[in-house]
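Here is what each chain is made of, one letter per residue.
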Amino acid sequence: MSSFLNEVWIARYPLLSGLMQTIGSSVASIVLGTLLGTVVGLLIVYGPLAVRWICRIYIDILRGTPVLVLILTTFYMPAVIGLKLGTFFAGIIALTLFCGAHVAEILRGALQSIPRGQTEGARSIGLTFPQTLAYVLLPQAMRSILPTWINTGVELVKASTLLSVIGVGELLLKTQEVISRNFMSMQFYLFAGAVYFVLNFGIERLGKAIERRVAFR
Amino acid sequence: MGYTLNFATVWANFDKLLGGLGLGLLLALASVSLGSIIGLVCGFASVSSSRTVRSLVSVYVTIIRNEPIYIIVLMIFFALPDAGLKLNQSASFITALTVYSGAYLSEVFRAGLISVPKGVVEAARAIGLTRLQTSLYVVTPIMLRNALPALGSTFISLFKDTSIAATIAIPELTYQARKINIESFRIVETWTVASALYIATCLLMAAALRGLERRFPKF
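Residue positions within a chain follow its written sequence, with the count starting from 1. Here every chain gets a letter starting at A, and every ligand a number starting at 1, in the order they are written. Since the coordinates come from a predicted model, pLDDT governs what is reported: local features require at least 70, and pairs of side-chain atoms require 80 or more to be given and counted, while whole-chain, interface and lining totals use all residues. Excluded from the side-chain calculation are hydrogens and water; included are all heavy atoms of the structure.

1. Side note on the interface of chain B and chain A
Rule in force here: Any pair of residues with heavy atoms lying within 4.5 Å of one another is described as a contacting pair. What gets called buried area is simply the loss in accessible area from a 1.4 Å probe that two parts show on being joined, summed for both. Salt bridges are defined as contacts in which a side-chain nitrogen from Lys or Arg sits within 4 Å of a carboxyl oxygen from Asp or Glu. What counts as a helix is a DSSP run of H or I of at least four residues, what counts as a strand is a run of E of at least two, and both are numbered from the N terminus.
With 34 residues of chain B at the interface, the matching set in chain A holds 36 residues. Summed over both partners, the interface of chain B with chain A comes to about 3,100 Å²; 71% of that surface belongs to carbon and sulfur atoms. The largest per-residue losses of area from chain B upon contact with chain A belong to Asn66, Tyr70 and Trp191 of chain B, which jointly make up 19% of the total buried on that side. Scanning the region where chain B abuts chain A turns up 0 salt bridges. For the side of chain B that touches chain A, the secondary structure elements donating two or more residues are α3 (51-65), α4 (69-79), α5 (89-114), α8 (173-184) and α9 (187-215) of chain B. Examining the composition of the side of chain B that touches chain A, we find that 9 residues originate from one element, α9 of chain B, more than from any other.

2. Things to note about unusual backbone geometry
Positive phi outside glycine occurs at Phe183 of chain A, with the angle close to 60 degrees. By secondary structure assignment, the location of Phe183 of chain A is in the loop between α8 (171-182) and α9 (185-215).

3. A short note on the pattern of salt bridges
What counts here: Only protein chains enter the accessibility calculation, which uses a 1.4 Å probe. A residue is then buried if its area is under 20% of the maximum for its type, exposed if over 50%, and partly exposed in between.
Applying the stated criterion to the full structure yields 9 salt bridges over all chains. Between Glu7 of chain A and Arg181 of chain A there is a salt bridge whose closest N-O contact spans 3.8 Å. One end of the pair, Glu7 of chain A, is in helix α1 (residues 2-10); the other, Arg181 of chain A, is in helix α8, and 174 residues separate them in sequence. Across the pair Glu189 of chain B and Arg186 of chain B runs a salt bridge, and its minimum N-O distance is 3.2 Å. Note on Arg186 of chain B: relative accessible area 22%, which makes it partly exposed. The network of salt bridges with common partners includes Arg56, Asp60, Glu105 and Arg108 of chain A.

4. Quick word on the environment of Pro217 of chain B
Residues and elements named next belong to chain B. Note on placement: Pro217 falls in the segment after α9. On the accessibility criterion, Pro217 (63% relative accessible area) is exposed. With 100 residues separating them along the chain, Pro217 and Pro117 place their C-alpha atoms 16 Å apart.

What follows is the structure, given as structure tokens:
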């Protein structure tokens, strides 16, 4: 045990930078993916038919492809047509597209479950469509998508481990590098597992706390 | 930008991709079957009257649900041998996916169990069925039907997770696609076809699931 703690101490800087990369890539793709997903989600409910079809295809393609395949595809494909993306950048694009599809699908479900009377009521008191959206529909949708959205955040942190496959120096890759030096595979995989658990469990708890606050207002 | 598509190598290796797809389905099927056993036991345990049993299940479910599947796979494949237990690639991958899916399926079955109306159980007991008979012949069929949608989507998502098997050199679809890439450099073509195969399979499974749900109306 003491030798393990010693090894952790020796490897503290790589492990910390890995953790930062994990958090950075997750946060970036959650933020960008949520923006993308919100736009796609609104378009698939309120857009013209052709746009709705395009959004449906995007969602079905992204949801039907494994994240690992998405990551490999965004990493290797652009290079062929002469576009050079860094590993980190390619990884974030993959995770953003993945997150966007999920958020869009959640938002679609939430918007469609709001009773029609809400829209009709808002329109009849003279609100324009953007106003109806901003003051009536989105606040209600936000509340009902919160639990699933938090879940998507956890999914993204978990999916970010797959970025190690294309060489993004996130926590798992750093852990593997440490293991290749000291061969303490069991200890360090458990250590990484514990860090991921703390991270995800923290997100989940935080989500629950926010949920309680916005639940009945 | 001056890139011409050429699918020749991909079509020449199409049988390998299809074989990889089949292997992925097999891995998912094996893990979901074994995971269902864990899920059923944990599902029933999580509605048991014993607090200790309930917390044990909740600890397992919470830990696994917050853990990346990739870490679980690596742990079982690379770290377990250190503890003296050596499994081959497929066995360790199926073990990892079973442990992983068990947690999700336990939640699926728990939700299914909760959805069984109390009156049905009372009626079964009133006509003289024992507790075991009630669970087996009355509760389980209703629970399984109510859990069907979630069970199906868990299977689809597990099938997608089998792509991770490529990282420990199990020759499933992603592995085959990477191999064809290395041999031919036809990166765009290979990933397009491989992704299309994944998407088509997932959409087909989703359609089959909807058909099943229609066939067996919800209780």
